Amino acid sequence: MDGAAGAAGSGMAMGRHAWLPLIGFVDHFKVMFILTAGWDELECHRVYSYICDLTALPRKIQTVVSSKPGAAWRLELRVRLFCRNVLLDHWENKSDAAFWLSRILKPWPIVNQARLLYIIFGPMSSADGGQIVWHKMSEGFADESTLKGLADAIKLLYDAEAKEWTTDDVISLTDELTVVPQIWILENTARLLILCGNSICFTFMASKAVNGRIIEVSHLMVFLSLVCEKDLYCMDWAVKMMQKICKVFSNSAERNSFLQNLEYSFARVNMDMLQSVMSGGREEDDSGFLNLYHLVNAQANFHKEILFLMMNHSMPN
């Protein structure tokens, strides 16, 4: 360890021009970071600081997070590729990946962290050499493959090995992410939460519930059931999530208000989708009608699971 650290230290002491041929050659940087595996955090911090100084990564990040989304799309792509190919994607150990992802995100305020997370892991188009698809989440439906990278990054930070992030930090970051660059369609938020896993999904929902955002939680619960129906997850998972959220409330009045708003939300979302189908064009009718079909089935299956639960509880074998 000491020998390796010493070698790195002497390497960093070399003149700046000696390292210039390495700029742009991702494989060279990969080797440098792979060599840090097993080093203590102080040495890794020094390596990251050196690379940031050499590549001007913080200045580039500052530019992309402060510019209008897509305005500096070439630089967005460079930041994404450097962070993914050099700093993140090659680690097999989750704690290593979490450490380097934390190095990238931690210097920035939460709004910029969410923006940067989207740049690094969000959807990308192959058109024109590759661009971040900024409005995908607010204008269209995102499937599992589109959201998986973001969900995996959130889980990485939530993991117990990511010591620099509290639960509140990760939930706040997730909440902020769902408005980048505009408020996401609720189905996309729901699918992201499901991909993040039970613990993050529940904590996210519970945080809103205890802060009095009952209507928002109720609407999101409807879309959790819709995603379960569309993506073929077991609907009893959504019912169990509803039960866990009910236990968050401190009294029966709040719990009943949540359940009442949940039923109103099902009705409201059904009416909104029906109105969209009736007022849309032919192509919109097809996709809108299919989504309405899934929602009706989701509502039926959601309530079926509740009835099974009630009957099994009241009439045990």
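Our structure is the block above this text.
In this report, we go over the structure that sits alongside the text. Everything numeric in this text was worked out from a predicted model, so none of it was measured. (Residues numbered from 1 in each chain as written. Predicted model: local features only at pLDDT ≥ 70, side-chain atom pairs only at ≥ 80, totals over all residues. Heavy atoms only, no water.)

Describing the overall build of the protein
Next, step 1: Within the protein, the secondary structure is distributed over 17 helices and two strands.
Next, step 2: Taking as baseline every contact in the protein between residues at least 6 positions apart, the subset at least 24 positions apart corresponds to 69%. (Helix = DSSP H or I, 4+ residues; strand = E, 2+ residues; numbered from the N terminus. Contact = heavy atoms within 4.5 Å.)

Quick notes on the side chain of Glu187
Next, step 1: As for its position among the elements, Glu187 is in helix H12 (residues 186-196).
Next, step 2: For Glu187, the side chain forms a polar contact with the side chain of Lys230, separated by 2.9 Å.
Next, step 3: Setting aside residues no more than four positions away along its own chain, Glu187 makes contact with Phe141, Phe223, Leu226, Val227, Lys230 and Asn291. (Polar contact = N/O pair within 3.5 Å; in protein donor to acceptor, adjacent residues only side chain to side chain.)

Observations regarding the packing of helix H7 (residues 94-105) against helix H10 (residues 144-158)
Helices that pack against each other are described as a pair by the angle of their axes relative to one another and the distance between those axes.
Next, step 1: Relative to each other, H7 and H10 sit at 100°, their axes nearing to 9 Å. What the angle tells us is that H7 and H10 run roughly perpendicular. Seen from H7, the contacting residues are Lys94, Ala97, Ala98, Leu101, Ser102 and Leu105; seen from H10, they are Ala153, Leu156 and Leu157.
Next, step 2: Here the contact of H7 with H10 is built from residues that sort into seven nonpolar, one polar and one charged. (Axes fitted to C-alpha atoms, helices over the stretch in contact; angles between N-to-C directions. Parallel < 35°, antiparallel > 145°, perpendicular 65-115°, else oblique. Nonpolar A, V, L, I, M, F, W, Y, C, P; charged D, E, K, R; others polar.)

Section: the nonpolar core
Next, step 1: Membership of the largest hydrophobic core comes to 93 residues, with the highest contact counts inside it found for Leu150, Met221 and Phe302.
Next, step 2: The greatest single-element share of this core, amounting to 10 residues, is contributed by helix H14 (residues 214-230).
Next, step 3: Apart from the residues lying within four places of it in its own chain, the contact partners of Phe302 are Met221, Ser225, Met235, Ala238, Val239, Met242, Leu262 and Phe266. (Core = buried A, V, L, I, M, F, W, Y, C linked by side-chain atoms within 4.5 Å. Buried < 20%, exposed > 50% of the residue type's maximum accessible area, 1.4 Å probe, protein only.)

As for the side chain of Lys208
Next, step 1: By the secondary structure assignment, Lys208 is in helix H13 (residues 198-210).
Next, step 2: Of the residues examined, Lys208 reaches a relative accessible area of 4% and is grouped as buried.
Next, step 3: Contacts of Lys208, omitting those with residues within four sequence positions, involve Asp175, Arg213, Glu216 and Val217.

Here's the deal with the pattern of salt bridges
Next, step 1: Inspection of the entire model under this criterion finds 14 salt bridges.
Next, step 2: Where Arg191 meets Glu187, a salt bridge forms, and the shortest distance between an N and an O atom there is 3.1 Å. Of this pair, Arg191 and Glu187 both sit in helix H12, four residues apart, roughly one helical turn.
Next, step 3: Judged by its relative accessible area of 4%, Arg191 falls in the buried class.
Next, step 4: For Glu187, a relative accessible area of 1% translates into the label buried.
Next, step 5: We note a salt bridge from Asp236 to Lys240, for which the minimum N-O separation is 3.8 Å. You can see Asp236 and its partner Lys240 sitting in helix H15 (residues 235-246), four residues apart, about one turn around the helix.
Next, step 6: What makes Lys240 partly exposed here is its relative accessible area of 48%.
Next, step 7: Several salt bridges converge on common partners, so that one network encompasses Asp175, Lys208, Arg213 and Glu216. (Salt bridge = Lys/Arg side-chain N within 4 Å of Asp/Glu carboxyl O.)

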